[in-house]
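Chain by chain, the residues:
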Amino acid sequence: MSTVKARLGDIAPARPLRKTSLDPEKIVWHLNLDQVKAQSGEILEKERGPAKEAGSSTHLFDCQHVLYSKLRPYLNKVVLPDELGVATTELVPMLPDPERIDRRYLAHYLRSRRFVDWVSQQVAGAKMPRVSMKVFWEHEIPLPRLDEQKRIATILDKSDALRRKRQQAIELTDQLLRSMFLELFGDPVTNPKGWPVRELGSVTQCQLGKMLSQKSKSGQNPRKYLRNANVRWGAFDLSEVLQMDFSESERAKFSLRDGDLLVCEGGEVGRCSIWRNELEECYFQKALHRVRVQSPLTPEYLQEYFYWMSKLGGFSKSVSQVTFSHLTSEKLKRLPVPIPSPGLLAQFSEIFIKIDSQKQKLNKHSDDLKYFSDSLSSQFFQIR
């Protein structure tokens with residue numbers, strides 16, 4: 001017997017709540033695409049504020065909705081909200097008919113690899129590719145009985161829960177490293193252990209990346225480059241790596257090699273990670289600084305130094321009363337860096353590398369679980 005299907009536009013149309021029903025002073029969740037983790041729909045951080053501060057290009061949602069990102073659908077950002085909030089209009093507020101489709105089933109379906117592959121071909125726009133919503137709403141989703149939908153959703157929920165546990169274990173390894181940093185070296189802002197202090201520019205080589213321009217988008221030597229969005233704390237998100245033109249001299253100037261530290265110049269100032277040749281050939285944009293460490297400093301020490309400088313207010317203090325949203329080259333080079341003994345630095349790097357090795361194994365396990373979950377959803381969801 002063939003499976004019943006229904007159009008997405010019929011079974012889960014875009015239907016936001018009315019903003020006029022909301023007290024403008026009410027504190028609500030403000031959601032934008034940057035807060036949604038690619039390939040999972042997990043929320044990286046919730047920001048809250050008065051409802052009246054939401055821009056005009058937003059809509060109101062609650063825990064009845066499924067929020068689907070129509071921008072760059074290959075990033076697979078599908079959110080199951082758990083409370084009232086306002087979101088960018090890039091997140092389509094789908095309101096499932098509870099008599100016909102389970103909300104979790106719909107979310108799993110939209111996240112399934114087969115659907116993502118299909119919808120990624122239904123886009124328009126080169127720079128900011130968006131789903132053709134006309135095609136999207138016409139798409140037919142398989143609809144088994146509601147109890148079967150709930151059974152499928154429960155199985156996939158359990159698979160996701162296993163992956164989240166691995167992610168939590170990975171986060172614990174990060175917390176362990178950061179605690180050890182403070183125990184060994186102390187707060188880098190106040191330097192309670194009295195380590196000698198040098199300016200960063202005197203103990204490293206700092207280089208700001210290449211400026212993005214219209215000309216660089218159409219040159220003869222396109223190369224992959226990193227930008228602010230690719231850099232996380234202690235990791236890289238390489239799900240979307242863009243390209244621009246780099247001449248021979250620019251390739252020599254802006255190349256990356258093992259052990260380089262990539263530091264965000266704007267946004268979350270100081271966010272950084274150590275490059276380990278994750279890509280065979282790669283460069284970096286002006287939104288990032290490349291910091292090359294000189295002995296006795298190590299990239300492992302500097303990565304954690306930047307983390308604690310960011311969390312403990314070290315950047316604002318270092319530029320004396322000046323509030324800034326960008327860490328310019330001059331300011332970066334003037335940052336005061338405590339210089340512990342070479343033996344202690346080497347000891348920390350040794351511990352860091354061992355813990356990082358465990359973290360990579362956990363990441364591998366998490367990837368295996370993702371593959372397993374994708375296989376399950378492929379069995380449940382047949383897209384034609």
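Computed from a predicted model, the values in this text were never measured in an experiment. (Residues numbered from 1 in each chain as written. Predicted model: local features only at pLDDT ≥ 70, side-chain atom pairs only at ≥ 80, totals over all residues. Heavy atoms only, no water.)

**Some thoughts on the overall build of the protein**
- Summing up its helical and strand segments, the protein has eleven helices and 22 strands in all.
- Against the globule reference of 21 Å for 384 residues, the protein gives a C-alpha radius of gyration of 24 Å, in line with a compact fold.
- Along the first, second and third principal axes, the C-alpha set of the protein runs to 75 × 50 × 45 Å.
- The buried share of the protein, taken over its 384 residues, is 47%.
- Taking contacts inside the protein between residues at least 6 apart in sequence as the whole, the part at least 24 apart equals 77%.
- Counting only carbon and sulfur atoms, one obtains 50% of the accessible surface of the protein, whose full area is about 19,500 Å². (Helix = DSSP H or I, 4+ residues; strand = E, 2+ residues; numbered from the N terminus. Rg over C-alpha atoms; globule rule 2.2 N^0.38 Å. Buried < 20%, exposed > 50% of the residue type's maximum accessible area, 1.4 Å probe, protein only. Contact = heavy atoms within 4.5 Å. Areas by Shrake-Rupley, 256 points an atom, 1.4 Å probe, with all protein chains shown as cover.)

**Some details on the side chain of Arg111**
- Inspection of the secondary structure assignment puts Arg111 in helix 2 (residues 103–111).
- Buried within the structure, Arg111 lacks any salt-bridge partner; its nearest side chain of opposite charge belongs to Asp160, at an N-O separation of 4.4 Å.
- A polar contact is formed between the side chain of Arg111 and the backbone oxygen of Val78, at a distance of 2.9 Å.
- Dropping the residues within four chain positions of it, Arg111 is found in contact with Ser40, Gly41, Asn76, Val78, Val79, Leu80, Val116 and Asp160. (Lys, Arg positive; Asp, Glu negative; His and termini not counted. Salt bridge = Lys/Arg side-chain N within 4 Å of Asp/Glu carboxyl O. Polar contact = N/O pair within 3.5 Å; in protein donor to acceptor, adjacent residues only side chain to side chain.)

**Here's the deal with the nonpolar core**
- Ranked by size, the top nonpolar core spans 35 residues in total, and within it Phe185, Phe306 and Leu335 carry the most contacts.
- Secondary structure elements with two or more residues in this core: helix 5 (146–185), helix 6 (200–203), strand 18 (261–264), strand 19 (272–274), helix 8 (299–311) and helix 11 (342–380).
- Counting residues per element, this core draws most heavily on helix 8, at seven residues.
- When residues no more than four places from it in sequence are discounted, the contact partners of Phe185 are Lys193, Trp195, Tyr301, Pro340, Leu344, Leu345 and Phe348.
- Listed in part, the 28 residues of the second largest apolar core include Phe115, Val119, Ala153 and Phe381. (Core = buried A, V, L, I, M, F, W, Y, C linked by side-chain atoms within 4.5 Å.)

**Examining the sheet that holds strand 8 (residues 91–94)**
- An order of 6-5-8 is seen for the three strands of this open sheet, with the pairing classed as antiparallel. Each having just a single partner strand, strand 6 (78–79) and strand 8 make up the two edges of the open sheet.
- Where strand 5 (residues 66–69) lies against strand 8, four bridges are found, and the strand directions are antiparallel. Bridge pairing links Val66 to Met94 in strand 8.
- Docked against the sheet, helix 2 engages strand 5, strand 6 and strand 8, running at close to 15° with respect to strand 5. (Pairing = 2+ DSSP bridges. Axes fitted to C-alpha atoms, helices over the stretch in contact; angles between N-to-C directions.)

**Focus: the pairing of strand 18**
- Side chains Leu261 and Val263 project from strand 18 onto one buried face, and the interleaved Leu262 and Cys264 project onto a second face that is buried too.
- Where strand 18 meets strand 19, three bridges bridge the pair, whose relative direction is antiparallel. Within strand 19, the residue paired with Leu261 across the bridge is Ile274.
- Here strand 18 pairs with strand 21 (residues 288–293) via four bridges, running antiparallel. Looking at strand 21, one finds that Cys264 is bridged to Leu288.

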